[in-house]
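This is what each chain is made of:
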Amino acid sequence: MTGYGKSIVQLPTKKITIELKSLNSKNLDINARIPFYYKEKELPLRNLVAKALVRGKIEISLFVEVTGEETSTKINTAVVKEYMSQLASIVPNVSDEKCLEMAMRLPDTARAERKEIDEEEWATIETHVKEAISNIVAYRKDEGKALEADFLTRNANIKALLEQVIAVDPERIEGVKERLQKGIADLKEKVDENRFEQELVYYIEKYDITEEKVRLKNHLDYFITSINSADSNGKKLGFIAQEMGREINTIGSKSNYAPMQKLVVQMKDELEKIKEQLLNVL
């Protein structure tokens, strides 16, 4: 969602700079800073930007620089003269120049004459707003390509670590059997072999991670599919990442085997980096 777009409009008597800034946000949040003269166009402007950018904390700014002789602000001559008269009566020896300087600092010495917006002028401004939107969309796409490359790399890293988990799983199960057998031997008691086999099956099933391995692999594949689909979005990818985290956590809690737990920690690290970046995906 991060982006920046800019466009400059050169009109006969003014230059207008249009800036759009976007940061990541869960929802669409638009803040518009535009001159009072164009306030009646704020709602259509917001709608135009909202339709194009969809989500994010967006700031719209229109800066107007008068370059010609035309101005909508006029000096209120009658008010200024009245101020000068009052100031002269208070300070008889003040010069006219000083008196005028003090008068112009007082309220209501200037008034803004409201004029109707020139629709042709606004159409030109709107065209440049669309140009700024195109710029920010292009910026977002460039950022998105960089994020996509990072996601693919980290997804591949988790998949490689999962393969290592699968590889060490038989050693882990064998370790469970050995620990149980050693525990029985240490008791120096005769045991019912059938009962022992039942307990062994129970513990092996308790620590079995076959389902978690299959589901995690499916989530990793679905994450890639969603990135490549036309309707992929940050919220959807976030939900998939949550499910990936659930399976990784379950593998960690069931592993009870140091080499596997180290691999789980590495998977969690890669997943956290994915989640951090997903906050900036539309």
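Refer to the preceding data block for the structure.
The paragraphs below set out a description of the structure included in this document. If you're wondering where the values come from, they're calculated on a predicted model, not measured in any experiment. (Residues numbered from 1 in each chain as written. Predicted model: local features only at pLDDT ≥ 70, side-chain atom pairs only at ≥ 80, totals over all residues. Heavy atoms only, no water.)

**Structural notes on the packing of aromatic side chains**
- Applying the stated criterion to the full structure yields 3 aromatic pairs.
- Residues Y37 and Y38 carry aromatic rings whose centres are separated by 4.9 Å and whose planes lie at 75° to one another, so their mutual orientation is edge-to-face.
- We classify Y37 as partly exposed; its relative accessible area is 23%.
- Note on Y38: relative accessible area 1%, which makes it buried.
- Measuring from ring centre to ring centre gives 6.0 Å for F151 and F223, while their planes differ by 90°; the resulting arrangement is edge-to-face. Placement of the pair is F151 in helix α4 (residues 119-187) and F223 in helix α6 (residues 210-228), with a sequence separation of 72 residues.
- Residue classification places F151 among the buried positions, given a relative accessible area of 3%.
- Residue classification places F223 among the buried residues on the basis of a relative accessible area of 0%. (Phe/Tyr/Trp six-rings, centres within 6.5 Å; stacked < 30°, edge-to-face > 60°. Buried < 20%, exposed > 50% of the residue type's maximum accessible area, 1.4 Å probe, protein only. Helix = DSSP H or I, 4+ residues; strand = E, 2+ residues; numbered from the N terminus.)

**Digging into the pairing of strand β4 (residues 56-66)**
- Taken together, the 10 bridges between strand β2 (residues 14-23) and β4 define a ladder with antiparallel strand orientation. In the sheet register, K14 faces β4, and the bridge partner there is V66.
- Bridge count between strand β3 (residues 28-33) and β4: 6 bridges; the pairing is parallel. Note on β4: the bridge partner recorded for A32 is I60.
- In this fold, the crossover linking β3 to β4 by way of helix α1 (residues 42-53) has left-handed handedness. (Pairing = 2+ DSSP bridges. Right-handed = clockwise from strand over helix to strand, strands pointing away.)

**Comments concerning the nonpolar core**
- Judged by nonpolar contacts, the single largest core of 27 residues is most densely connected at F151, I158, L216, F223, M244, M267 and L278.
- Within the residue set of this core, elements represented by two or more residues are α4, α6, α7 (234-255) and α8 (258-278).
- Counting residues in hydrophobic clusters, the runner-up holds 22 residues, among them I18, I34, L45 and V129. (Core = buried A, V, L, I, M, F, W, Y, C linked by side-chain atoms within 4.5 Å.)

**Points about α8**
- A rise of 1.5 Å per residue sets the reference length of α8, with its 21 residues, at 30 Å; its end C-alpha atoms lie 30 Å apart and thus fit the reference within 8%.
- Residues of α8 that are buried include every one of M260, L263, V264, M267, E270, L271, I274 and L278, and no others. The buried residues of α8 occupy an angular sector of 130° when the element is viewed end-on, so they sit on one face. In α8, the exposed residues that point more than 90 degrees away from the buried face are K262, V265 and E276. (Expected span 1.5 Å × (residues − 1). Arc of directions from axis to C-beta.)

**A short note on the sheet that holds β4**
- Ordered by their spatial adjacency, 4 strands build an open sheet running β1-β2-β4-β3, and the pairing between neighbours is mixed. The open sheet is flanked by β1 (3-10) and β3, the only strands paired with a single partner. For this sheet, the mean angle separating the axes of adjacent strands, direction not counted, is 10°.
- Relative to β2, β1 is paired through 8 bridges, and the arrangement is antiparallel. Residue pairing in the sheet places K6 in a bridge with E19 of β2. (Axes fitted to C-alpha atoms, helices over the stretch in contact; angles between N-to-C directions.)

**Let's talk about the environment of T67**
- For T67, the location among the structural elements is in the loop between β4 and β5 (73-75).
- In this structure T67 comes out as partly exposed when scored by relative accessible area, which is 43%.
- C-alpha of T67 to C-alpha of Q10: the two residues are 57 residues apart in sequence and 9.2 Å apart in space.
- Once residues within four sequence positions are removed from consideration, T67 is found in contact with Q10, L11, P12, T13, K14 and K15. (Contact = heavy atoms within 4.5 Å.)

Honestly, it's all geometry; don't read function into it.
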